[in-house]
Every structure is written in structure tokens, then in C-alpha cells.
Amino acid sequence: MNYDDLILNWKLDPDLAAWAEVLPEQIQQGLDPHRYGDLARWQQALASLPPLDVTEQILTESAVGVRGPVANPAMIDTLKQALEGLHPWRKGPFNVFGVEIDTEWRSDWKWDRVLPHLAPLQGKRVLDIGCGSGYHCWRMLGEGAREVIGIDPTPLFVLQFWALQTYMRKPNISVLPLGVEAIPERIKAFDTVFSMGILYHRRSPFDHLTQLRDCLAPGGQLVLETLVVEGDRDTVFVPPGRYARMGNVWCLPSTAALESWLTKVGFKNARTVDVNQTSIAEQRRTDWMQFHSLEQFLDPTDHSKTVEGHPAPVRAVLLAEV
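All values derive from a computational prediction rather than experimental measurement. (Residues numbered from 1 in each chain as written. Predicted model: local features only at pLDDT ≥ 70, side-chain atom pairs only at ≥ 80, totals over all residues. Heavy atoms only, no water.)

## Digging into the nonpolar core
Then comes step 1: Counting 94 residues, the largest nonpolar core has Trp19, Leu83, Trp138, Leu176 and Phe194 as its most contacted members.
Then comes step 2: At ten residues, the largest contribution of residues to this core is made by helix α7 (residues 155-168).
Then comes step 3: In contact with Phe194, other than residues within four places in its own chain, are Trp111, Val114, Leu118, Leu121, Val126, Leu127, Asp128, Ile129, Met140 and Val223.
Then comes step 4: Core analysis: the second largest hydrophobic core is formed by eight residues, Leu227, Tyr243, Val249 and Phe297 among them. (Core = buried A, V, L, I, M, F, W, Y, C linked by side-chain atoms within 4.5 Å. Buried < 20%, exposed > 50% of the residue type's maximum accessible area, 1.4 Å probe, protein only. Helix = DSSP H or I, 4+ residues; strand = E, 2+ residues; numbered from the N terminus. Contact = heavy atoms within 4.5 Å.)

## With respect to the pattern of salt bridges
Then comes step 1: The tally for this structure, following the rule as stated, stands at 17 salt bridges.
Then comes step 2: Across the pair Arg41 and Asp38 runs a salt bridge, and its minimum N-O distance is 3.5 Å.
Then comes step 3: Accessibility expressed as a relative area gives 38% for Asp38, which makes it partly exposed.
Then comes step 4: The closest approach of N and O atoms between Arg202 and Glu181, which form a salt bridge, is 2.7 Å. Separated by 21 residues along the polypeptide, Arg202 in the loop between β10 (190-196) and α8 (205-215) and Glu181 in the loop between β9 (173-176) and β10 bring together distant segments of the chain.
Then comes step 5: Taking relative accessible area as the criterion, Glu181 reaches 56% and is therefore assigned exposed.
Then comes step 6: Ionic contacts of the salt-bridge type, sharing partners, join the residues Asp13, Arg125 and Glu147 into one network. (Salt bridge = Lys/Arg side-chain N within 4 Å of Asp/Glu carboxyl O.)

## Quick look at the pairing of β9
Then comes step 1: Residue alternation in β9 divides its side chains into two sets, Ile173 and Val175 and Ser174 and Leu176, and both sets are buried.
Then comes step 2: With four bridges connecting them, strand β8 (residues 147-151) and β9 associate as parallel partners. In the sheet register, Ile149 faces β9, and the bridge partner there is Ser174.
Then comes step 3: Crossover β8 to β9 through α7 is right-handed. (Pairing = 2+ DSSP bridges. Right-handed = clockwise from strand over helix to strand, strands pointing away.)

Okay, here's the thing in C-alpha cells:
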């Protein structure tokens, strides 16, 4: 996991030079073994990936990954064991030399809903906040983005990205072990910013939306995906306790409320482009994510409700510009 080239390139870029100065310390804190007791085990799994020759890199298919000849079948067993050492895999799917990583989320379904509405990513600098393993980052690169930066504070997901990068070796994509708080204020450096599955985890949604605005260069586009409820512009549901067994869900607005929030903090042309109820086929338990998933978070007799009796998860995609 070497970020030296990224930091060097950013130091030469006036938009990102200030962030480059503090980034090494941020990365060190984000990968601090004293904070994350399993980090050494995950790093060992990453280091045990076998050397294999890549003949094809797949960025535009549902399963992101690589293909190539494997002369020794035992190498595949070594590869699978190393990848299994990075369990649980939540965002994907991936296919690495024929090893199919069937992740908890069919993130390709979300991408297929989002992609038709985006401004072209060709030649753009893109930021994906809360990117997990970086699945969508790879898809953004597949759409021709000039540079893709993902951030996620969970070291396991960062190492999952590096497992793919071991074979991809793409210089213009990185996943940083950072939370959104690490982004410098008013950086205004990115052409497109994605915030998918983050807003409802933020105590102050207006602060988050403002920070997203300040990450964008003039004319840039925000892609916001979040949980919503039905209602008018005054409708906001604040779960009294847990929501779908999650304790860190602060509020679920209506799409109309979200559009008004985006306008209030300074975005232009805020609009909802997709609304979709999450199904147990899109988010589910698999061999690569063996913990509880959506089916265990819903009322077993009525999947229109969570186990707490709240409306089941519905997700919306909104776009806006600065």
C-alpha cells in the first residue's frame, strides 16, 4: 500500500497541494495498528496474494476484476484463501482470475441505476466518499475518469481495494483510509463528487451537504444516494431508536425535502433521478459476507417494514450542480 506517487503528484497540483502536505499523517493515522487490532491479519492476507500475470483488466462489466492464464492450479487456491482472509466483502462483485467474489451488495445494480443520469466522467477528477472496497471507483475509472479518489475510514475495505490494485496496477485510482472529516475545507478540486449511503449516518445532514458542495470545482456535479421516505418537502423521519438494526441512522428525509436542502446550501438544479426499494436480492448474506444482512433486518412476515416496524429501506439518487 504505497501512496508516494499520489502524494508527489498532488504536491505539484495547486488544487491538491495543501492536502498533499497533511495526507501522509492522515494515512498513518487511518492505518494505525494500535487502533485496528485485525490490521496485521488483513495485511498478511494482502501480502499472501500470489504473483499472477494479467492479460485483461475488467472495468466495464458487472464483476470488476482481472483475467489471465494460471499455469499452476494451486495458485488459485492460494489466491482464494488470501481473498477470503479479507472477509467480509460488502461491495462488489469482483472476479479475480476466475475467483468470483459474491459480495453482500450487488453494487453493480446501483451503478446501473446511477450511470444513465450522470454527466460524462470522461477526463474528470472524481471523489467517492464512503467508497468501501472501491467497487464504484473502478466503475468510474471504466467510464474514462482522469483520476478517481475514494475515501473510507474502514481499513479492511481499503485493503480490499489494494487486493484488486495488486493486479490492476492503475496509477490514477486510490482509496484512502480516511473519513470525510479529513478532506480540507473548501477544496473545490473535483469535477464529480459521489456520496452514496452516507447522508443518513451524519448527525448534521446540512453540514455534510455543505462539505460536498465545497469539494466541487465550479460547474461540478454532486451524485447523492441515500435512504428516503415518502412525503412532501417538510417530511423528515427521525428513527426513535435503531433503523433496520442500525444505531447510527439519524434522519430519512423525503426526496422533496432533500431537493430543498440541496438548494438551501447553494446547489443548482437539484433533482431526483431514481427511487428504488432495496430488495433482499440486492443486499444479502453470501459466502463472502456471512453475517446478517437485509433479510434479517426486515420484518420476517412483512418485508415492507423493518424489524422495528419502520418503512423498509428505499433509496433515492439525486443530482445537483454548483
